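Listed below, chain by chain, are the residues.
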Amino acid sequence: MYKAYSKEIDIGDISTLKEINEDLTSRIVSNLSTTKKIILRLQGSVEIGRFLMYGWKEKLPFYLFKCDEHGYQIAYPSGHYLTLHCPKCLKKEIRIRMILHDEIPEIREDPIVVEA
Ligand SMILES: [Zn+2]
């Protein structure tokens, strides 16, 4: 008997988000089973496993998906609507926000004038 996902790599040891890098992502993509490739194509993302990250209370499912700009990415559902965000797009967004913040002149709040 063959295991259904015997060709897939074992990534059971990851415990920090830093370990989910481009190398791991490309290894997962190249070792994806036919079933998971089909799921990825049909629904746009496929669960690659449930992991407990350092500091988390419980395991969360991680998904492989394709970002239009950055290619294959791995993330876990987050936010109010539990959506998948490309980690690179998030970094870009944060960087832009920080640059903008630096360019915004200091805004002083006007003192509240209480009319008599
Ligand atoms: Zn992206």
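Up top you'll find the structure we're talking about.
Described in the following lines is the structure provided in the data block. Values in this document were obtained by computation on a predicted structure and should not be read as measured data. (Residues numbered from 1 in each chain as written. Predicted model: local features only at pLDDT ≥ 70, side-chain atom pairs only at ≥ 80, totals over all residues.)

### Observations concerning the nonpolar core
Stated precisely, the cut-off is as follows: One nonpolar core equals one set of buried Ala, Val, Leu, Ile, Met, Phe, Trp, Tyr and Cys residues connected by C-beta atoms within 7 Å. Any residue whose C-beta has 12 or fewer other C-beta atoms within 10 Å is treated as exposed, any with 20 or more as buried, and any in between as partly exposed, C-beta atoms being built from the backbone. Secondary structure follows DSSP: runs of H or I at least 4 residues long count as helices, runs of E at least 2 residues long count as strands, and numbering of each begins at the N terminus. Remark: residues whose backbone-derived C-beta atoms lie within 7 Å of one another are considered to be in contact.
The biggest cluster of nonpolar side chains holds nine residues, and these are Ile20, Ile28, Leu32, Leu40, Ile48, Phe51, Phe62, Leu64 and Ile74. The set of elements that each furnish at least two residues to this core consists of strand S1 (45-51) and strand S2 (60-67). Here phenylalanine 51 is in contact with Ile14, Lys59, Leu60 and Phe62, once residues within four sequence places are set aside.

### A look at helix H2 (residues 34-43)
Of all ten residues making up H2, only one are buried, and the element is barely covered by its neighbours. At the exit of H2 stands glycine 44, carrying a positive phi of roughly 85°.

### Observations regarding unusual backbone geometry
Positive phi values are uncommon outside glycine, yet leucine 82 reaches one of about 45°. The residue leucine 82 is located in the loop between strand S3 (71-75) and helix H3 (87-103) in this model. The exposure class of leucine 82 is exposed, given the 9 C-beta atoms found within 10 Å.

### With respect to the environment of tyrosine 76
By secondary structure assignment, the location of tyrosine 76 is in the loop between S3 and H3. Remark: the alpha-carbon pair of tyrosine 76 and glutamate 47, spanning 29 residues in sequence, is separated by 9.1 Å. When neighbours within four sequence positions are excluded, tyrosine 76 is seen to be in contact with Leu60, Pro61 and Phe62.

### Remarks on the sheet that holds S1
The condition is simple: By this definition, two strands are paired if DSSP reports at least two bridges between them. Interaxial angle, 0 to 180 degrees, is taken between N-to-C directions of lines fitted to C-alpha atoms, where a helix line uses only the stretch in contact.
Spatially, three strands are ordered S1-S2-S3 in an open sheet, and the strand pairing comes out antiparallel. Each edge of the open sheet carries a strand with a single partner, namely S1 and S3. Direction aside, neighbouring strands of the sheet carry axes that sit 25° apart on average. The pairing of S2 with S3 spans five bridges and is classified as antiparallel. Of the residues in S3, the one forming a bridge with leucine 64 is isoleucine 74. Sitting on the sheet, helix H1 (residues 22-30) touches S1, S2 and S3, and the angle it makes with S3 is about 105°. Across the sheet, H2 lies against S1 and S2, angled at about 120° from S1, the strand it touches most.

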